[in-house]
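Secondary and tertiary structure notes
Each chain, letter by letter, is given below.
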Amino acid sequence: MCTAEATASLLQVEETFSACLARIDALILKPLLQAEPSDQKGKENFKLFLLLNDRFQALWNLTEESYRVLKQKCSTSESFCIQDIYTVWKGDLFLSLYVQYFVTFANYVVVHGFEHTTKSKSEAWKQHKTVLKQFLTDFTSETSMSLALYTVLHKPIRDHIEQYVLLLTKLNEVLKEGSEKDMVTSAIKEYVKLESFISQVLDEACFTKSLWKSLGYKFTDMLCVPERRLLEDSKNLPISASTNRSDRILLFDDVLVLIQGNSFQSFDLKLVWVDENCTEKSAPGLYGLRIITPEETFFLSAKDPQMKAVWQWKLNQAVRQALNGKRDFPLWGETGEGTEPPSCRFFTYVFRLEGKFKNASYEGEWHWGKPHGKGTLKWRDGRNHVGDFKEGLEHGFGICLVPRRSEDRYDCYKCHWYEGKMRGYGICEYGNDMVYKGYFKDNVRQGFGILENLSAEHPFKYTGQWENDKKNGYGVWEDKDRGERYIGTWLDDHKHGQGIVVTQSGVCYQRTFHADKMVGSGILLLEDDSVYEGNFTEHLTFVGKGKLSFANGFILEGTFTNKSGQGLQTHGILNTSNEQLDDRITKAQLGLKEFPVEKRWKGIYDQFLEFIHSGCKEETEESFTGFHIQTSKELRKSQEYLFCQRGTEDVSWKIEDILEELVQHQGLESLQIYLEKALKSSLHPLGKLLKALTIAFQATYSGIGANRHLLTMAQEEVKYYAKKIWEFYQGLLHLALEQKGQLPAKCVDGDTSDQKACSVVLPLILPCFYPELFMLYMLYHEREDDLYCQGIVDLSLFPDIKLLEFLDVQKHLWPLKDLTLTTNQRRSLIKDKCFLSATECLQKLITTVDPREKLVILQKTYEEIESTVSRVVEKDYKLPMDDLLPLLMYVVSRAKIQHLGAEIHLIRDLMDPTNQGGLYDFLLTALESCYEHIQRMRLHQRENCHVTHSS
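All of the points below concern the structure found in this document. Because the structure is a prediction, the values reported are computed rather than measured. (Residues numbered from 1 in each chain as written. Predicted model: local features only at pLDDT ≥ 70, side-chain atom pairs only at ≥ 80, totals over all residues. Heavy atoms only, no water.)

Quick look at the overall build of the protein chain now. The secondary structure content of the protein chain amounts to 27 helices and 27 strands. Of the contacts made within the protein chain by residues no fewer than 6 positions apart, 53% connect residues no fewer than 24 positions apart. Surface summary for the protein chain: the accessible area is close to 46,300 Å², and the carbon and sulfur share equals 51%. (Helix = DSSP H or I, 4+ residues; strand = E, 2+ residues; numbered from the N terminus. Contact = heavy atoms within 4.5 Å. Areas by Shrake-Rupley, 256 points an atom, 1.4 Å probe, with all protein chains shown as cover.)

What follows deals with the sheet that holds strand β7 (residues 287–292). Taking strand neighbours across the sheet as the criterion, the four strands line up as β2-β8-β7-β6 in an open arrangement whose pairing is antiparallel. Two strands close off the open sheet at either side, each with one partner strand: β2 (240–241) and β6 (273–275). Lying over the sheet, helix α11 (residues 305–324) contacts β6, β7 and β8 (297–302), oriented at roughly 20° with respect to β7. (Pairing = 2+ DSSP bridges. Axes fitted to C-alpha atoms, helices over the stretch in contact; angles between N-to-C directions.)

Phi is positive for Asn443, close to 75°, though the residue is something other than glycine. Its place among the elements puts Asn443 in the loop between β16 (434–441) and β17 (444–453). One non-glycine residue, Asp493, lies in positive phi territory at about 75°. Positionally, Asp493 belongs in the loop between β20 (484–491) and β21 (494–503). Judged by relative accessible area, which is 30%, Asp493 ranks as partly exposed. (Buried < 20%, exposed > 50% of the residue type's maximum accessible area, 1.4 Å probe, protein only.)

This next bit is on the pairing of strand β15 (residues 421–429). Within a regular beta strand, the side chains point alternately toward one face of the sheet and then the other, so they alternate between its two faces. Where strand β14 (residues 410–418) and β15 come together, six bridges link them in antiparallel fashion. Within the sheet, the bridge partner assigned to Tyr413 lies in β15 and is Cys428. Once β14 ends, the chain turns through two residues before running back antiparallel as β15, passing Glu419 with a positive phi of about 50°. Where β15 and β16 come together, six bridges link them in antiparallel fashion. Opposite Gly426, over in β16, you have Gly438 as the bridge partner. Connecting β15 to the antiparallel partner β16 that follows it, the hairpin turn spans four residues, and Asp433 within it adopts a positive phi of roughly 75°.

In this section: the nonpolar core. Considering soluble globular proteins, one finds that nonpolar side chains tend to be buried as a cluster. Residues Trp601, Leu675, Leu686, Ile725, Ile765 and Leu773 are the most contacted members of the largest nonpolar core, which totals 78 residues. Sorting elements by how many residues they give to this core places helix α19 (residues 711–739) first, with 16 residues. If near-sequence neighbours (up to four positions away) are discounted, Ile765 is found in contact with Leu679, Leu690, Val718, Tyr721, Ala722 and Ile725. Counting 70 residues, the second-largest nonpolar core is a separate cluster that includes Val13, Leu70, Leu171 and Leu215. (Core = buried A, V, L, I, M, F, W, Y, C linked by side-chain atoms within 4.5 Å.)

Overall, the coordinates contain 53 aromatic pairs when judged by the stated rule. Aromatic pair Phe56 and Trp60: ring centres 6.5 Å apart, planes at 55°, arrangement tilted. One end of the pair is Phe56 and the other is Trp60, both in helix α2 (residues 40–76) and four residues apart, which spans about a single turn. You can call Trp60 buried: its relative accessible area is 16%. Taking the centre distance of 5.2 Å and the plane angle of 85° together, the rings of Tyr486 and Phe513 count as edge-to-face. Here Phe513 lies in strand β22 (residues 508–514) and Tyr486 lies in strand β20, a separation of 27 residues in the sequence. (Phe/Tyr/Trp six-rings, centres within 6.5 Å; stacked < 30°, edge-to-face > 60°.)

Summed over the entire model, instances satisfying the criterion amount to 36 salt bridges. For Asp25, the salt bridge goes to Lys30, with nearest N and O atoms at 2.6 Å. You can call Lys30 partly exposed: its relative accessible area is 43%. Between Lys193 and Glu190 there is a salt bridge, with its nearest N and O atoms 3.7 Å apart. Here Lys193 pairs with Glu190, and both are found in helix α9 (residues 179–214), just three residues apart, close to one helical turn. Beyond isolated ion pairs, a larger network of salt bridges with shared partners links Glu204, Asp253 and Arg327. (Salt bridge = Lys/Arg side-chain N within 4 Å of Asp/Glu carboxyl O.)

Okay, structure coming up:
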């Protein structure tokens with residue numbers, strides 16, 4: 001058969017089929033469309049019949065179009081090609097319309113549509129019944145009208161598809177190898193699949209129809225829908241459910257139904273998982289399948305493995321097709337064989353049974369019957385949770401909204417969860433304008449955290465330790481209304497134990513507290529340098545026995561009273577023998593014994609220790625650092641980060657990369673570069689730790705907390721930070737080496753951990769604490785710096801030569817060549833020209849915060865002085881101490897560095913211990929001598945003036 005013959009044969013087949021469809025339309029469909037029923041059930045079926053008619057018309061129109069194209073081609077051309085055969089060229093459209101027709105036809109069969117139609121009582125139906133019977137006898141010998149209608153509306157169409165297959169098969173036999181033959185072969189396969197599909201669809205429809213007949217009206221009314229198909233019935237293929245929970249098991253294409261007596265349970269197949277590897281059996285000798293659903297798990301038991309295998313296969317295919325949202329083509333063909341439904345799914349489900357999720361709607365990812373992955377939980381009372389889930393529980397980062405009952409506001413928790421409970425870092429924005437940023441454990445605030453009230457009424461901020469959702473341990477409370485800051489211990493949300501209170505006016509005191517009340521005696525340090533030791537009230541009124549030391553050195557010791565309207569009264573002894581107050585009193589340092597540095601901020605260190613002890617697992621890292629990278633844009637936008645500035649960082653700080661890189665940077669120089677980079681990043685664990693410590697330090701010592709009586713407390717705290725960061729670095733390194741099967745290298749240079757912390761870590765972290773720390777040094781040395789500054793002002797009045805002479809600098813060391821004169825200048829009046837390079841070098845002391853760099857600047861200043869002197873004497877000259885001090889005094893007086901005392905003492909306190917006794921120590925001692933000498937000069941001038949005035 002050639003292409004022309006095939007086209008002619010197809011033309012004849014299409015013409016015959018089109019005529020057949022026209023007769024069916026005229027004698028069956030049109031009369032039935034006029035017989036619209038009046039009862040509710042009939043109306044529902046009639047809507048379905050209208051859709052069937054639409055599908056029929058679409059099929060007929062396509063057949064007519066195919067016929068017209070073929071006829072036109074036959075009449076105008078003698079050559080034909082495959083494109084002229086619509087059945088092949090537009091095969092997909094043909095298949096689609098045939099599938100739609102037979103699916104709708106099967107739906108009509110399932111709801112007993114033909115039976116209801118033939119029972120119609122309409123006049124139009126009665127008048128046409130006889131003609132219709134005569135027409136139907138031409139197609140079928142069936143005597144039942146409903147069965148005859150069923151046959152006539154599907155058999156001619158199925159026969160026509162069979163003719164397509166025969167014609168295309170004959171055509172394929174004569175075609176040569178090539179693209180046309182491939183197209184025809186492919187079309188034949190699809191039409192064969194269509195035949196199989198139609199057969200299966202009709203079988204399923206009849207199977208389902210029989211079920212609805214056998215079940216009572218109660219089940220039928222609730223379960224019967226046109227699109228639903230019965231795939232298997234335990235009456236046909238015996239299987240039983242565990243614990244006798246059902247009499248009958250029905251597998252539909254969308255639900256699994258267990259019938260027990262007059263009730264039933266249905267399970268959406270999209271949320272059904274079938275586990276064949278279950279060892280449990282309902283009875284000995286049975287073969288089981290475990291059925292997992294969101295809230296229930298039960299077992300199906302078969303008597304032999306073959307029966308179990310059939311049920312398992314049918315269940316899996318039904319679940320897979322339900323998840324795909326469409327049936328296979330054909331329904332149980334090759335495409336369905338051997339493919340398991342995915343264990344991970346995305347679906348919405350409302351929980352019904354008792355439990356924490358009762359009445360909650362969950363939309364998101366599932367795994368083996370449990371929420372697992374990203375998802376959203378919504379309760380009817382307004383609560384909702386968006387985030388990560390694991391094995392049915394909140395696990396990972398999540399955002400939870402909880403409505404407040406009395407107000408139209410929400411508490412918003414943005415934090416990490418572990419097995420259904422808040423754990424690790426989180427932020428809670430309460431509906432009452434309070435915000436908590438810190439750590440949680442088992443749904444309560446635990447560890448280090450910050451609670452701040454942002455409302456206009458009673459604003460406050462607490463930074464410190466939490467236990468069981470309450471302030472417990474060491475913490476700092478700032479009352480912004482009163483302008484006070486409490487630094488001390490807490491118990492169950494109350495100030496309890498030793499505490500220091502610093503006020504905005506500069507007054508500070510140390511007392512023992514019991515449930516927010518002051519008890520016992522204390523020490524009160526007043527802003528005028530007076531010191532009171534004894535009992536006093538909340539309003540800082542002296543009561544009872546006490547000792548008041550005045551700024552002029554006088555001491556009043558006795559009993560103090562403060563009666564209303566009479567002011568402060570005392571009965572005691574005034575000692576006037578001391579002319580000056582002891583520095584040990586005016587500069588008394590608070591909190592050193594009461595708050596050992598190792599017991600402050602344990603909550604911060606504990607988080608890091610837990611992170612290291614866990615082996616630096618990824619999920620622990622996320623909850624420790626408070627930084628979580630999300631794929632969801634919504635979560636990414638809504639999450640805030642404690643102590644983390646999100647920015648573009650070129651370096652990857654994934655924990656596996658961190659541990660890998662640590663091993664590569666063990667040399668001192670390489671380590672310093674690495675640590676500097678790590679500590680600057682809020683994504684690196686060490687950088688995260690430093691940022692948290694910075695926040696704690698600022699909460700204590702900035703603003704109101706800038707009080708000279710807290711200097712030593714702050715200074716030892718910074719040193720301890722360096723020590724702990726070094727320890728934690730060592731912990732990370734040990735873990736990294738352990739994972740590589742290596743042993744940590746032994747310390748060959750003899751440095752202790754404290755020395756390493758001071759020499760390596762302290763200079764790197766000092767910039768974070770320098771503003772607050774240097775302010776405390778400035779306040780502590782305020783009096784000495786004032787004297788020094790006045791001395792500098794006096795010395796600045798001297799011209800260079802006069803000042804060199806005044807300071808007893810030997811004349812042969814004077815750099816007179818540097819004093820270049822104009823015609824109207826005198827050498828004796830020139831200022832700020834001698835030792836200019838050394839002066840400019842020393843002025844750089846205030847440009848850096850690193851004690852190492854400050855000492856280097858001091859050394860360079862010494863070298864510049866020595867270089868200038870060598871140039872003057874025209875030979876290399878090593879300055880002895882007797883010559884160095886006057887020259888250095890000259891340079892210091894000309895450099896005019898403010899707060900030099902604060903600078904010197906900061907360097908002395910924080911310098912590397914290895915520099916003690918060396919050149920740096922010698923030069924710093926020389927600078928101290930200059931500083932003290934300038935103070936004494938001013939002090940002598942004051943005393944001389946006082947003597948002169950007295951005379």
